[in-house]
Every structure is written in structure tokens, then in C-alpha cells.
Amino acid sequence: MKLTEMRQILSSGQIQLTKSLGQNFLHDQNQLRRIVDAAELTNTDQVLEIGPGLGPLTELLIARAGTVLAIEKDRRLVDFLRQYLATATNLTLLGDDALDYVRREPRDWANWKLVANLPYSVASPILVELAQARSCPQRIVVTLQLEVARRLMARTDDDDYGILSLLMQLRYEPQNHFKIPPECFFPPPDVDSACVVLIRREQPLLPTEQHPMFERLVKLSFSQRRKMMLKLLKRDWPVEKLTAAFEQLGLSPQIRAEKVSLEQFARLTELLETK
Ligand code: SAM
């Protein structure tokens, strides 16, 4: 769908944009193609799209994937898409809040790819929810605010390194990203955007049963960024156990969470988990 067609649909009065739903539609055909290429789709792939909007990405997904499940919260857009994409036999369109849906309907996403231009206000909770699913999607190709993209990819010592980086990277390896300028969207958003590609790790860093403990450890460690991590963790673990674990990993007792790598957080989870 080109910009002229988008403007026409929107100006015909059928649909008025709702800012709180992050309705900035992507019309730049080159960027749309780059996103779909990054998904490396085959005709057997199952794709989850969150927030199809007016369907510019959906059109390309249904042409290249096996099946597409698209979840859109705005009923007016769902009604429009039901007509616009009426002939697509491999598309299931749901009118729902995607975050509620993934929380309410736990399922095996292992053979799915998430490909979406996410509504910016709920992008992070949706990503974390899917990444924490027992069987998480094999590949994630999402467009979101550049600031959030940086957090997804950040490593130890980066300014953006924190809870989101660690919760996502426990399951996924950031592969690459590319920026998408505001003028590629209609209307142009106030912030810069980027498309990020995340690949599910072949070898899990921790068994699934230990993921809740990893999350608890990471959240407490970053609860006050400038404070020493060991001091923060004393709230939930005995100091002797913490001191022994830090020593075993060669971590200084004065270290702050931003200096501790993903692998060190994973090893610390294992050490603190043992009785
Ligand atoms: N995919 C389209 C595109 O690339 O042009 C639209 C992307 S737009 C950034 C985000 C879309 O997500 C909007 O259509 C909006 O209505 C929808 N949306 C917002 N919050 C949602 C939610 N919680 N669940 C599902 N869709 C949502």
C-alpha cells in the first residue's frame, strides 16, 4: 500500500487516527521490503503480526509466509482489513488487544516468527511476554522506537543496558538492526525508529525453570542503578551466600549491575538457586 492510497483511505472519513494506539503507518516500500527480507520467510512459516493497521506489512507477509495471524486492537481497522484482504486465505485476523491475547492464550510459539511494526506504547511488555513463553518464537523482526531498539541490543556498560536487554537476551541473540526515518511513516512519529532482528538461542543459557529466578535477580540488581548490586541483593538472599557466589564468579563486592554481563547473571542465578 502506497502513501497516496493510505491518505485516501484515511481522508475518506472511515478511520480517524488514534494517537494513543501508536497509529503511525509504514508506507515506504523499501523499508517494508527490508523488514520482510529480514524475516527470511518461507511458504511454510507461521507468522504473528501485532498491529497490522492498514495492512502494508500484512500484504507482504501473506504473499511470502505459510500462514499469518494478525491481531489488531482498533475495530475500525479490523473491519477495513476484513474487506481489503478478503481474498487472503492464509490470514487469520483477530480484533483483540495483543498483550491481553498472548497473556490469556498461552501457546507453543516455537515454530512462529513475530514480524511487526509494533504499537510503541506496548512494545516492551509484548516482547517480554513472548520471550518468556515456555516455547518462544524462533525469530523476532520488530520495528519500534530507536531508544527501545538500543535497549534490546545493549551489552554490559552501554548506557541502554538494563532489565529489558537481559530479559530478552536470555532467550535471543540480537542479530542486526536498521534505522527507519520518521518520514517513512504516515503520520511521521516524533521519535526515531528502528527495525531489530532477534534470533532465538539454539543453546539456552539457563533451563526454563530458572528463568523466574533470573528475572528476580536482574530486576532487584537494577532497582537502583547506582547502588552496589550486592547490597541490593541482600534484601532477598543471605549475605554469606552472595559473597561466596560473587567470589566464585570473580565479581567485586562493589560491582554495579551495569558491569555484570548476561552470562554472569546466568551463572549467578545457578549459584544462588542451589540450596
Ligand atoms: N503494521 C502497520 C504498519 O506498519 O503500518 C501499523 C503499525 S502501527 C505502528 C501500530 C498498530 O497497532 C496500529 O494499527 C494500532 O491500532 C495497533 N495497536 C495498538 N495497540 C495495540 C494492541 N494492544 N494490540 C493490538 N494492536 C494494537
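Being a predicted model, the structure only gives us computed values, none of them experimental.

Enquirer: Would you mind going over the packing of helix H11 (residues 239–248) against helix H12 (residues 262–273) with me for this structure?
Expert: How two helices sit against one another is set out by the angle between their axes and by the gap between those axes. Two elements in contact, H11 and H12, have axes separated by 10 Å at closest approach and are oriented at 140°. In terms of orientation, H11 lies oblique with respect to H12. The chirality of how H11 crosses H12 is right-handed. Mapping the contact onto sequence places Lys241, Leu242, Ala245, Phe246 and Gln248 in H11 and Leu268, Leu271 and Leu272 in H12.

Enquirer: For this particular structure, what's the right way to read the domain arrangement of the protein?
Expert: It is common to report an interface's size as the accessible area lost on association of the parts. Taken domain by domain, the protein consists of domain 1 (3–200) and domain 2 (208–273). Using C-alpha coordinates to define each centre, domain 1 is positioned 33 Å away from domain 2. With 14 residues of domain 1 in contact, the opposing surface of domain 2 contributes 15 residues. Between domain 1 and domain 2, roughly 1300 Å² of surface is buried when both sides are summed, and carbon and sulfur atoms account for 65% of that area. Considering only the surface of domain 1 that becomes buried against domain 2, Tyr161, Leu166 and Leu170 emerge as the three largest contributors, covering 38% of it.

Enquirer: What is the right way to read the pattern of salt bridges from this model?
Expert: It is possible for side chains of opposite charge to pair when their charged atoms get near one another. Using the criterion set out here, one finds 18 salt bridges in the structure. Between Arg64 and Asp37 there is a salt bridge, with the nearest N and O atoms lying 2.9 Å from each other. In this pair, Arg64 is assigned in helix H3 (residues 56–64) and Asp37 in helix H2 (residues 29–38), connecting sequence segments 27 residues apart. Taking the relative accessible area as the measure of exposure, Arg64 reaches 33% and is therefore partly exposed. Here Asp37 falls in the partly exposed class, since its relative accessible area comes to 44%. The partner of Lys113 in a salt bridge is Asp45, and the shortest N-O contact between them spans 2.9 Å. Pair noted here: Lys113 is in strand E5 (residues 112–117) and Asp45 is in the loop between H2 and strand E2 (46–50), with a separation of 68 residues, a long-range link. Summarising the burial analysis for this pair, Lys113 and Asp45 share the class buried. Counted as one network, the salt bridges with shared partners bring together Asp96, Arg104 and Glu105.

Enquirer: I tried to follow the packing of aromatic side chains on my own but got confused; where do I start?
Expert: Ring pairs (aromatic) are described by centroid distance and by the angle formed between their planes. The full count for this structure, using the stated rule, is 4 aromatic pairs. Taken together, Tyr161, Phe222 and Phe265 form an aromatic cluster joined through their ring pairs. The positively charged end of Arg107 is found above the aromatic ring belonging to Trp109, 4.9 Å away from the centroid.

Enquirer: Mind showing me how you'd approach the site of the ligand here?
Expert: Taken together, 23 residues form the shell around the ligand, and within it Gln23, Leu26, Gly51, Glu72 and Asn117 come nearest. In this structure, Leu26 approaches the ligand through a main-chain N or O atom, which is 2.8 Å from an oxygen atom. Gly53 places a polar main-chain atom, nitrogen or oxygen, 3.5 Å from an oxygen atom of the ligand. Among the cavities detected, the one that contains the ligand is the largest pocket. Looking at the shell around the ligand, the elements that each hand over two or more residues are strand E1 (25–26) and strand E3 (67–72). Split into classes, the residues belonging to the shell around the ligand amount to 11 nonpolar, 6 polar and 6 charged.

Conventions and cut-offs
- Residues numbered from 1 in each chain as written.
- Predicted model: local features only at pLDDT ≥ 70, side-chain atom pairs only at ≥ 80, totals over all residues.
- Heavy atoms only, no water.
- Axes fitted to C-alpha atoms, helices over the stretch in contact; angles between N-to-C directions.
- Helix = DSSP H or I, 4+ residues; strand = E, 2+ residues; numbered from the N terminus.
- Parallel < 35°, antiparallel > 145°, perpendicular 65-115°, else oblique.
- Left-handed = near helix turned anticlockwise from the far one by under 90°.
- Contact = heavy atoms within 4.5 Å.
- Domains from an automatic or database assignment.
- Buried area = accessible area lost by both parts, 1.4 Å probe.
- Salt bridge = Lys/Arg side-chain N within 4 Å of Asp/Glu carboxyl O.
- Buried < 20%, exposed > 50% of the residue type's maximum accessible area, 1.4 Å probe, protein only.
- Phe/Tyr/Trp six-rings, centres within 6.5 Å; stacked < 30°, edge-to-face > 60°.
- Lys NZ or Arg CZ within 6 Å of the ring centre and 35° of its normal.
- Near = heavy atom within 4 Å.
- Polar contact = N/O pair within 3.5 Å; in protein donor to acceptor, adjacent residues only side chain to side chain.
- 1 Å grid on protein atoms, 1.4 Å probe; cavity = no way out; pocket = protein on both sides within 12 Å on 5 of 7 lines; lining within 4 Å.
- Sits in = over half its atoms within 2 Å of the grid points.
- Nonpolar A, V, L, I, M, F, W, Y, C, P; charged D, E, K, R; others polar.

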